[in-house]
Amino acid sequence: MESEKTSGGDKYSKLAGNTIIFAISSFSSKLLTLIVQPFLTYAMAEISDLGLSKILSQYANLLIPFVSMGMSNAIIRFGLDKGNSEKQVFTNGLLTILGGFGILVLCWPVAQFLPDMAQYGLLIYIYVLMSCLRTLCTQFVRSRQWNKLVAVDGVLCTVATMAFYVLYLVGFKWGANGYLLAIISGDLVSVLFLMFTGKLWDFIELKGINKTLWKQMLHFSLPMIPAQISFWIINASDLFFVREMCDGLDGHSGDAWSGLLSTGYFLPTILTTLGLIFYDAWQLSAVTEEEGRAKFFTQIFRTYSSVLFCCAAGIIWLCRPVMHVMKSNYYYAWHFVPFLVLASTCSCFNQFMNSVYVVNKKSQRSMVTMMAGAISNCLMNYFFIKWWGPVGATYASFLGLGLVFTLRAMDAHGMIGMRVHPGRVLVNAAALVFELSCCWPIRRCTASGRASSRPLSSCITSPASGLWPASCCLKSWAAGAGPRGRRGRLGSQKVKKKNKKRGCCTTAPLCLSDLFVQPAGDVRKYLGFVCLHQQFMAGAG
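What you see is a predicted model; the values in this text were computed from it and never measured.

Topic: the overall build of the protein
1) Next: Looking only at helices and strands, the protein has 21 helices and two strands in total.
2) Next: Relative to its 541 residues, the protein shows a buried fraction of 53%.
3) Next: Across the protein, the fraction of contacts at a sequence separation of at least 24, relative to all contacts at a separation of at least 6, is 79%.
4) Next: For the protein, the exposed surface amounts to about 24,400 Å²; the carbon and sulfur share of it is 66%.

Below, the structure written as structure tokens:
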């Protein structure tokens with residue numbers, strides 16, 4: 001019993017230690033993302049330029065699974081097995097990537113006819129190759145458990161990429177070309193650093209290739225290709241749907257709308273950063289710790305989910321004021337943040353659940369669950385964007401990833417007996433949705449008869465307005481102040497005089513986050529409402 005407790009404590013402390021080491025590596029690289037996004041809004045001349053840059057990088061991300069053939073997951077899974085030769089694992093991974101890139105080169109006569117490929121195809125191809133090589137090197141180093149080297153590499157790659165961003169975007173003003181070149185240059189620095197410090201060329205063994213091991217690795221990794229493509233569809237197809245379906249909406253191009261949507265990912269990146277930091281350490285413990293695996297997975301997920309829900313709540317509350325760090329014409333992107341935060345939370349859960357498939361080498365189930373989410377996401381994207389505009393893409397992402405999490409939670413329970421405690425998850429998710437509703441704007445008509453946005457909660461919970469003004473506000477919204485103001489003018493004219501007499505909500509929003517963006521006079525109104533409410537409650541007592 002005592003030895004069991006000791007071993008249990010060792011595996012938790014080992015997980016904590018690895019998490020801290022990988023946090024040093026990942027925090028710097030993800031901190032770059034948080035810094036770069038506001039920087040890009042100022043470095044790019046137009047919103048459409050940023051949208052084009054993100055579209056091009058997503059083209060590359062779509063090609064990466066085909067070139068790598070999903071080998072990044074096989075490298076760390078088979079590299080951690082003590083019975084496998086490290087040289088053979090690394091060599092098989094390198095040959096697979098080079099072979100995949102050779103096939104991609106042969107496809108160039110067809111690929112050049114795809115949108116934007118004729119102009120940016122060469123850079124996209126180099127982007128794909130360098131990204132695959134860097135992933136190969138970092139995953140192999142992780143499988144060797146050289147965790148401190150991984151941490152140093154993360155910091156170095158961060159500094160180098162940031163320097164190249166400044167050089168190419170501010171110095172040379174190369175726009176989308178500079179954006180791609182900066183990422184390529186950062187990956188190249190990382191590959192060279194790992195090759196020389198880790199002497200990775202010593203692990204390249206072209207003689208006597210273990211074909212049996214190679215087949216096992218491919219058998220494990222190939223089903224990852226549809227899974228990674230499905231993950232790409234859920235996370236990146238939104239940009240393409242918005243680009244094509246919202247072109248010309250409210251006078252903005254499709255690239256401009258995709259630029260705003262990509263800017264909306266700025267804050268949810270905080271959650272994905274936490275998830276990636278933890279997962280880098282977790283995948284080592286998930287594979288190597290075999291005793292009491294069901295209990296271990298259950299306890300870790302409970303703590304992990306609690307941290308994610310708390311972080312998600314804070315991000316939703318602060319999304320509006322924090323978006324002021326962007327260039328002013330990007331501020332509208334805050335509308336995309338709340339549901340993208342919910343989607344990112346589900347994405348982190350899905351990543352955790354994927355470790356169950358890695359442990360049991362059931363990559364086919366990873367493929368099936370992601371494909372289910374991808375198909376549903378595409379269908380919902382089309383209809384939701386058609387009904388609600390660009391923000392509908394965020395609803396589709398959340399629901400699609402939520403479906404994947406549900407399927408994977410069921411698989412995790414069946415494979416290793418892990419318990420997700422769905423009641424706890426649903427209660428926390430409902431709390432986030434309630435918080436979101438307190439900050440989410442609806443269309444309402446003002447005394448001037450024009451539609452404007454304000455949180456629904458400010459109509460319902462304002463102690464000075466009461467339920468009747470809230471019902472008037474909802475009535476006026478239903479009467480015609482619909483999305484984008486298409487039906488709003490006539491209906492609002494009919495009710496504006498009645499609403500004004502009865503005190504319908506025409507004051508400033510009372511959402512807490514609005515205090516950061518409203519003038520001082522509106523803050524005084526809010527404080528006055530609070531005092532009035534306290535006096536009312538004291539009298540009622």
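Notes on the pattern of salt bridges
1) Next: Applying the stated criterion across every chain, the model contains six salt bridges.
2) Next: The closest approach of N and O atoms between arginine 134 and aspartate 153, which form a salt bridge, is 3.2 Å. A residue pair is termed long-range when its members are at least 10 positions apart, and arginine 134 in helix 6 (residues 117-143) and aspartate 153 in helix 7 (residues 147-171) qualify at 19 residues.
3) Next: The buried category is assigned to aspartate 153, whose relative accessible area is 2%.
4) Next: Here aspartate 411 and arginine 365 are joined by a salt bridge, their closest N and O atoms 2.9 Å apart. Taken together, the residues aspartate 411 in helix 16 (residues 392-416) and arginine 365 in helix 15 (residues 363-388) connect sequence positions 46 residues apart.
5) Next: You can call aspartate 411 buried: its relative accessible area is 14%.
6) Next: A single salt-bridge network, built from bridges that share partners, covers Asp116, Arg243 and Asp255.

Looking at the packing of helix 6 against helix 8 (residues 175-197)
1) Next: Taken N-terminus to C-terminus, the directions of helix 6 and helix 8 make an angle of 30°; their axes are 9 Å apart at the nearest point. As summarised for this structure, helix 6 and helix 8 are arranged roughly parallel, according to the angle between their axes. Crossing of helix 6 over helix 8 shows left-handed handedness. Touching Tyr120, Leu123, Ile124, Ile126, Tyr127, Met130, Ser131, Leu133, Arg134, Cys137, Thr138 and Val141 of helix 6 are Ala176, Asn177, Leu180, Leu181, Ile183, Ile184, Asp187, Leu188, Ser190, Val191, Leu194 and Met195, all from helix 8.
2) Next: A breakdown of the residues in the contact of helix 6 with helix 8 according to their chemical character gives 18 nonpolar, four polar and two charged.

A look at the confidence of the model for the protein
1) Next: Averaged over the protein, the pLDDT score is 78; the fraction of residues at 70 or greater is 76%.
2) Next: For the protein, per-element mean pLDDT is lowest for helix 19 (residues 467-480), which scores 34, and highest for helix 8, which scores 95.
3) Next: Counting contacts from residues 1-6, a segment whose pLDDT is below 50, to residues more than four positions away or on other chains yields zero contacts.

Let's talk about the packing of aromatic side chains
1) Next: All told, the structure shown has 37 aromatic pairs when counted by the stated rule.
2) Next: Judged by centre distance (6.0 Å) and plane angle (10°), the ring pair of phenylalanine 278 and tryptophan 282 falls under stacked. Highlighted residues: phenylalanine 278 and tryptophan 282, both in helix 12 (residues 268-288), separated by four residues, approximately one helical turn.
3) Next: In this structure phenylalanine 278 comes out as buried when scored by relative accessible area, which is 14%.
4) Next: Judged by its relative accessible area of 0%, tryptophan 282 falls in the buried class.
5) Next: Counting every residue linked through ring pairs, the aromatic cluster contains Phe278, Trp282, Phe296, Phe297, Phe301, Tyr304, Phe309, Phe349, Phe352 and Phe405.

Details of helix 3 (residues 71-79)
1) Next: Counting buried positions along helix 3 yields nine of nine residues, so the element is predominantly enclosed.
2) Next: For helix 3, the set of buried residues is Met71, Ser72, Asn73, Ala74, Ile75, Ile76, Arg77, Phe78 and Gly79.

Parameters and conventions
- Residues numbered from 1 in each chain as written.
- Predicted model: local features only at pLDDT ≥ 70, side-chain atom pairs only at ≥ 80, totals over all residues.
- Heavy atoms only, no water.
- Helix = DSSP H or I, 4+ residues; strand = E, 2+ residues; numbered from the N terminus.
- Buried < 20%, exposed > 50% of the residue type's maximum accessible area, 1.4 Å probe, protein only.
- Contact = heavy atoms within 4.5 Å.
- Areas by Shrake-Rupley, 256 points an atom, 1.4 Å probe, with all protein chains shown as cover.
- Salt bridge = Lys/Arg side-chain N within 4 Å of Asp/Glu carboxyl O.
- Axes fitted to C-alpha atoms, helices over the stretch in contact; angles between N-to-C directions.
- Parallel < 35°, antiparallel > 145°, perpendicular 65-115°, else oblique.
- Left-handed = near helix turned anticlockwise from the far one by under 90°.
- Nonpolar A, V, L, I, M, F, W, Y, C, P; charged D, E, K, R; others polar.
- pLDDT = per-residue confidence, 0-100.
- Phe/Tyr/Trp six-rings, centres within 6.5 Å; stacked < 30°, edge-to-face > 60°.

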